[in-house]
Amino acid sequence: WIVKPAGKSRGRDIVCIRSINRLLEYIGYGVAGKEMQWVVQKYMERPYLINNRKFDFRQWVMVTDWNPLTVWFYDESYLRFSMSDFTLKNLEDNLTHLCNNSIQKEQENFEAVKKDSMWDLATFRQYLIDHNENGQDLWTNKILPQMQNISKWALMCAQDMLENRKNSSEVYGYDFMLDEEFNIWLLEVNASPDMSASTQVTERLTARVMDDMIKVMVDAREFNWGRKKYDKACDVDTGGWELVHRGEAEVSFPISAFGCKLALQGSEILIPKVFVGKAPTYDKQGSKRETRTDELRKEQKKKEEDRLKEEERKHLEKKALLKADIKRKQKEEKQRRREFVPSTIMAGEAREEGE
């Protein structure tokens with residue numbers, strides 16, 4: 001399984017795991033103060049490999065309207081490679097299992113192999129032709145249609161969860177992976193995808209993508225798009241952006257109200273009561289080995305102790321200041337009284353002399 005924190009990016013804190021025990025330890029299950037959302041996906045154990053290296057696709061998809069849903073698909077994607085040979089023996093090695101450029105660039109010799117860490121689409125299509133009898137048809141008739149359909153379907157699923165703000169657009173970075181049977185699988189959808197010129201491939205593509213975004217958001221909308229309420233085609237040049245979906249009509253109620261019945265079949269995974277680290281089994285007597293959950297509990301206990309100590313320190317400091325202030329006022333009062341008594345005596349003597 002592959003475990004990802006829902007609110008992070010650039011491959012941070014992603015791990016591959018075999019055991020439910022290890023998974024529960026890693027996310028801090030049952031530890032107060034450590035609650036957060038995680039995404040757990042079945043790990044693809046038989047991906048399509050190139051030169052024994054794992055890779056994924058980064059595909060740009062743009063939404064110019066959520067109601068009716070209007071989806072544009074870019075005609076070029078690029079491949080991101082792991083720079084280590086693929087193996088399932090060591091799931092802890094992120095350089096083998098994660099293709100994210102932010103992970104791969106941490107390799108010591110990355111600059112030397114940087115040009116091989118990404119391919120453009122033309123290079124991949126030529127590879128398919130060179131290594132498969134039906135290589136040309138594989139992309140055109142199988143891989144590309146799957147990517148376009150999944151892109152639309154994912155957005156349809158989220159249509160009623162996002163704010164429909166007119167006259168605005170958003171570009172998403174879809175991450176796909178190919179298995180041995182040339183089936184496409186969606187890994188995740190990224191908001192605010194990376195548009196930096198990290199390699200020669202992205203240097204060319206990101207500039208082209210952003211130029212073509214203006215053609216869709218300004219030129220198409222200004223000169224042709226939307227003049228008829230449900231236009232299905234756009235005659236203005238939109239560069240590499242292809243319109244792949246536009247809803248038939250505006251939806252006045254959320255998709256969840258359509259009455260779709262979704263059922264999940266299977267058996268429940270039993271959550272063990274005792275954790276034992278990386279071991280795939282556990283016993284009722286527990287284990288003396290420290291687990292990540294134990295460490296989290298200790299961290300939480302230490303933080304609570306430190307908080308109480310700090311509160312006690314502030315209380316004592318406040319008490320000391322109050323005591324010092326009382327002493328100061330008492331001293332000032334005594335001094336005032338000393339000054340008052342002689343002045344009274346002097347006034348009395350002056351009266352006697354006058355008499």
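Placed above this text is the structure.
Residues numbered from 1 in each chain as written. Predicted model: local features only at pLDDT ≥ 70, side-chain atom pairs only at ≥ 80, totals over all residues. Heavy atoms only, no water.

Peer 1: Give a detailed account of the overall build of the chain, specifying residues and quantitative values.
Peer 2: Helix and strand content of the chain: eight helices and ten strands. The proportion of buried residues among the 355 residues of the chain is 37%. Intrachain contacts of the chain at a sequence separation of at least 6 include 64% that bridge at least 24 residues. Carbon and sulfur atoms make up 51% of the accessible area of the chain, which amounts to about 23300 Å² in all. (Helix = DSSP H or I, 4+ residues; strand = E, 2+ residues; numbered from the N terminus. Buried < 20%, exposed > 50% of the residue type's maximum accessible area, 1.4 Å probe, protein only. Contact = heavy atoms within 4.5 Å. Areas by Shrake-Rupley, 256 points an atom, 1.4 Å probe, with all protein chains shown as cover.)

Peer 1: Residues and numbers for the nonpolar core, please.
Peer 2: By size, the foremost hydrophobic cluster in this structure holds 31 residues, and its most contacted members are Ile50, Phe55, Phe57, Phe124, Ile143, Leu155 and Leu178. The set of elements that each furnish at least two residues to this core consists of β4 (53-66), β5 (69-74), β6 (78-85), α5 (121-131), α6 (135-158) and β8 (170-178). Not counting residues within four places of it along the chain, the set of residues in contact with Phe57 comprises Ser77, Tyr78, Leu79, Phe124, Trp139, Met147, Tyr174, Asp175, Phe176, Leu178 and Ile184. Tyr74, Val201, Leu205 and Val216 belong to the second-largest nonpolar core, a separate cluster that totals 14 residues. (Core = buried A, V, L, I, M, F, W, Y, C linked by side-chain atoms within 4.5 Å.)

Peer 1: Which residues make up the pattern of salt bridges, and what values do they have?
Peer 2: Proximity of charged atoms lets side chains of opposite charge pair with each other. For the structure shown, the criterion picks out 24 salt bridges. The partner of Arg313 in a salt bridge is Glu310, with the nearest N and O atoms 2.5 Å apart. On the criterion of helical spacing, the pair formed by Arg313 and Glu310 is a turn pair, its members being three residues apart in helix α8 (residues 292-354). For Arg313, a relative accessible area of 41% translates into the label partly exposed. (Salt bridge = Lys/Arg side-chain N within 4 Å of Asp/Glu carboxyl O.)

Peer 1: Could you give an account of the layout of surface pockets, naming the residues involved and the relevant values?
Peer 2: Empty space among the atoms becomes apparent when a probe as large as a water molecule is rolled across them. Roughly 1300 Å³ of volume is contained in the largest pocket. In terms of lining, the largest pocket is formed by 48 residues, of which the most central are Lys4, Asp175, Leu187, Glu188 and Asn190. Contributing elements (two or more residues each) for the lining of the largest pocket: β1 (2-5), β3 (38-41), β4, β6, α3 (101-104), β8 and β9 (184-191). Here the element with the most residues in the lining of the largest pocket is β9; it accounts for seven residues. A per-class count over the lining of the largest pocket returns 18 nonpolar, twelve polar and 18 charged. (1 Å grid on protein atoms, 1.4 Å probe; cavity = no way out; pocket = protein on both sides within 12 Å on 5 of 7 lines; lining within 4 Å. Points joined across faces, edges and corners; volume = space filled by probe spheres on them. Nonpolar A, V, L, I, M, F, W, Y, C, P; charged D, E, K, R; others polar.)

Peer 1: Please provide a residue-by-residue account of the environment of Phe81, values included.
Peer 2: As for its position among the elements, Phe81 is in strand β6. Under the relative-accessibility criterion, Phe81 is labelled buried at 5%. Residues Phe81 and Cys99, spaced 18 residues apart in sequence, show a C-alpha to C-alpha distance of 5.3 Å.

Peer 1: Account for α6, naming residues and giving values.
Peer 2: Spanning 24 residues, α6 covers 34 Å between terminal C-alpha atoms, matching the ideal 34 Å at 1.5 Å per step. The sharpest bend along α6 measures roughly 35° and falls at Ile143, with the proline Pro145 sitting one to four residues further on. Among all positions of α6, only Gly135, Leu138, Trp139, Ile143, Gln146, Met147, Gln148, Ile150, Ser151, Lys152 and Leu155 are buried. The inward-facing, buried residues of α6 abut β4, β5, α5, β8, β9 and β10 (241-246). (Expected span 1.5 Å × (residues − 1). Bend = angle between axes of the 7 residues up to and from the residue.)

Peer 1: Lay out unusual backbone geometry with the relevant residues and their values.
Peer 2: Asn67 connects to Pro68 through a cis peptide bond whose omega is 0°. Mapped onto the secondary structure, Pro68 falls in the loop between β4 and β5. A positive phi angle is found at Asn52, which is not glycine, with a value near 65°. Within the secondary structure, Asn52 sits in the loop between β3 and β4. One non-glycine residue, Ser192, lies in positive phi territory at about 55°. Mapped onto the secondary structure, Ser192 falls in the loop between β9 and α7 (200-223).

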